[in-house]
Amino acid sequence: MQAEPIPKFLGKRIVLGVTGSIAAYKAVELLRSLVREGAHVNVVLTEAAARFVAPLTFEVLSGQPVATDLFATHQEMLHLRLPEQADAIVVAPATAHFLAKAALGLADDLLSTLLLTTRCPLIIAPAMDGDMWAHPTVVSHVAQLRQRGALIIDPVEGPLASGRIGQGRLAEETTILAAIEAQLSRSRDWVGERVLVSAGPTQEPIDPVRFISNRSSGKMGYAIAQAARERGAAVTLVTGPTSLPIPAGVDAVAVTTAEEMEKALMMRLAWATVIIMAAAVADFRPKHPADHKLKKTEHAWKSLTLEPTRDILHLLSKRRTSQILVGFAAETQNLVAHAKEKLIRKRLDLIVANDVRAEGAGFGSDMNAATLIDRDQREIRLPLMPKRELAHHILDAIQRLRTDVRRTCSQTD
Ligand code: CTP
């Protein structure tokens, strides 16, 4: 006989915030799924949400009184009591108005006040009209919330209440449940870290339609960004052109050339506590990119003059203060020796050495095999594994470096 699967959220306490969107009815199904998976759910409705779905519906399904009012005497101090006990706060659906209040720290009702009293993971699934979601004000509020560590589950494309098609529909329930599960199951040992990750290739223009680039897919850098986010860090991903979706909760900056990547990273250097250069930056670029599409008959093709790009990792290394700096070395021979040389020359804390010719590993693959070498020349040889898993090993190695520093500091105190 097969054992019953253990409910995913057994013993977890979740505050489910519902705001006044037409998608509020979907929160009812979400609540049922959370309860079915063993969660203890306290529902908090905004006044507008209670107009869409009656509080009684949530009360019956959660088996708990539904909180709505910051000032009701029988709900005294709920803004302090609820988050104290919660493992996560999930707001689904979240309106543009709610995002604005949360971003600015306005606290004029129970749900928005709760956000200021909690330090537990915050998961927000917005739903609104597509034009509203794309409005610069909303975009900036979402970016602010992400920077502060909230996990925002982007709405999806589809028919909207207005009858139009756009990106504004509440994400699928399975997506929201998976995000809650990921948040609750991982240890949150990266809370407080601000991680700057570069990923993907750069493209160096020859003319307006042609460029020099490389085979990097960006998968390793994206996996690191996602893993750091899942473990509680605020993450900014500076990405060259890739076809990958931005991981939930990660702030992304899209760049094309090595020069743009350098600018984007340098601007954020002071913000970061950890910098991970997973990008495959082009080492050379055309010295004189043409401002028009070159004809095949043009003389310029006879010899394309290249010039080196600046080594961003080296620049970061020279300008950093206390940030931990991690580089990558893509090699095809003498892996460890070449990587160690780069580690020392670029004065890094950690280098991830990839044998890009190893079977099943390298560019484009979902798998990778790497050797991690730290500043004390400690080597960790890792077998072929999914890039997501390797990402966590890299974060673990960085954590060990942090612990070493703390230990040394306390010994010298
Ligand atoms: N890198 C960088 N800027 C460049 C080139 C590379 O920041 N213009 C970074 C990469 O992101 C990676 C590391 O440097 O983290 C290693 O890059 P790689 O090209 O393998 O090493 P190089 O130092 O360029 O040496 P070589 O070409 O001899 O392998």
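Residues numbered from 1 in each chain as written. Predicted model: local features only at pLDDT ≥ 70, side-chain atom pairs only at ≥ 80, totals over all residues. Heavy atoms only, no water.

1. Re the overall build of the protein chain
And then number 1: On a plain count of helices and strands, the protein chain comes out with 14 helices and 19 strands.
And then number 2: Against the globule reference of 22 Å for 413 residues, the protein chain gives a C-alpha radius of gyration of 24 Å, in line with a compact fold.
And then number 3: Viewed in the frame of its principal axes, the protein chain has a C-alpha envelope of about 75 × 60 × 55 Å.
And then number 4: The burial tally for the protein chain puts 51% of its 413 residues in the buried class.
And then number 5: Taking the contacts inside the protein chain whose residues are at least 6 apart along the sequence as the reference set, 67% of them involve residues at least 24 apart.
And then number 6: Counting only carbon and sulfur atoms, one obtains 54% of the accessible surface of the protein chain, whose full area is about 20,300 Å². (Helix = DSSP H or I, 4+ residues; strand = E, 2+ residues; numbered from the N terminus. Rg over C-alpha atoms; globule rule 2.2 N^0.38 Å. Buried < 20%, exposed > 50% of the residue type's maximum accessible area, 1.4 Å probe, protein only. Contact = heavy atoms within 4.5 Å. Areas by Shrake-Rupley, 256 points an atom, 1.4 Å probe, with all protein chains shown as cover.)

2. Re the site of the ligand
And then number 1: The ligand sits among 16 residues. The nearest are Met277, Ala279, Leu313, Phe328 and Lys342.
And then number 2: At 2.8 Å, a backbone N or O of Leu313 approaches an oxygen atom of the ligand.
And then number 3: Contact between the ligand and Phe328: an oxygen atom at 2.8 Å from a main-chain N or O atom of the residue.
And then number 4: In isolation the ligand exposes 580 Å². Once the protein is present, 76% of that is buried.
And then number 5: Ranked by residue count, the leading element in the shell around the ligand is strand β16 (residues 324-331), at three residues. (Near = heavy atom within 4 Å. Polar contact = N/O pair within 3.5 Å; in protein donor to acceptor, adjacent residues only side chain to side chain.)

3. Some details on unusual backbone geometry
And then number 1: Looking along the chain, the bond that leaves Ala92 and enters Pro93 is cis, with omega of -5°.
And then number 2: The topology assignment puts Pro93 in strand β3 (residues 88-94).
And then number 3: A positive phi angle is found at Arg347, which is not glycine, with a value near 50°.
And then number 4: Mapped onto the elements of the fold, Arg347 is located in the loop between α13 (335-345) and β17 (350-355).
And then number 5: For Gln377, which is not a glycine, the phi torsion comes out positive at approximately 65°.

4. As for the pattern of salt bridges
And then number 1: One pass over the full model with this rule turns up 20 salt bridges.
And then number 2: The salt bridge involving Lys101 is made with Asp108; its shortest N-O contact spans 2.7 Å.
And then number 3: For Lys101, a relative accessible area of 6% gives the class buried.
And then number 4: Where salt bridges share partners, they join Lys101, Asp108 and Asp109 into one cluster. (Salt bridge = Lys/Arg side-chain N within 4 Å of Asp/Glu carboxyl O.)

5. Structural notes on the domain arrangement of the protein chain
Interface extent is often summarised as the accessible area lost during association of the parts.
And then number 1: Domain boundaries assigned for the protein chain yield domain 1 (13-186) and domain 2 (194-291 + 299-412).
And then number 2: Placing the centre of domain 1 and that of domain 2 at their C-alpha centroids yields a distance of 35 Å.
And then number 3: With nine residues of domain 1 in contact, the opposing surface of domain 2 contributes twelve residues.
And then number 4: For the pair domain 1 and domain 2, the summed buried surface comes to about 910 Å²; carbon and sulfur atoms form 44% of the total.
And then number 5: Inspection of the domain 1/domain 2 interface yields zero salt bridges.
And then number 6: Applying the counting rule to domain 1 against domain 2 returns one residue pair in polar contact (both at pLDDT 80 or more).
And then number 7: Of all the secondary-structure elements, those providing two or more residues to the side of domain 1 that touches domain 2 are α8 (136-147) and β5 (151-152).
And then number 8: The biggest single contributor to the side of domain 1 that touches domain 2 is α8, with three residues.
And then number 9: For the side of domain 1 that touches domain 2, a count of residues per class yields four nonpolar, three polar and two charged. (Domains from an automatic or database assignment. Buried area = accessible area lost by both parts, 1.4 Å probe. Nonpolar A, V, L, I, M, F, W, Y, C, P; charged D, E, K, R; others polar.)

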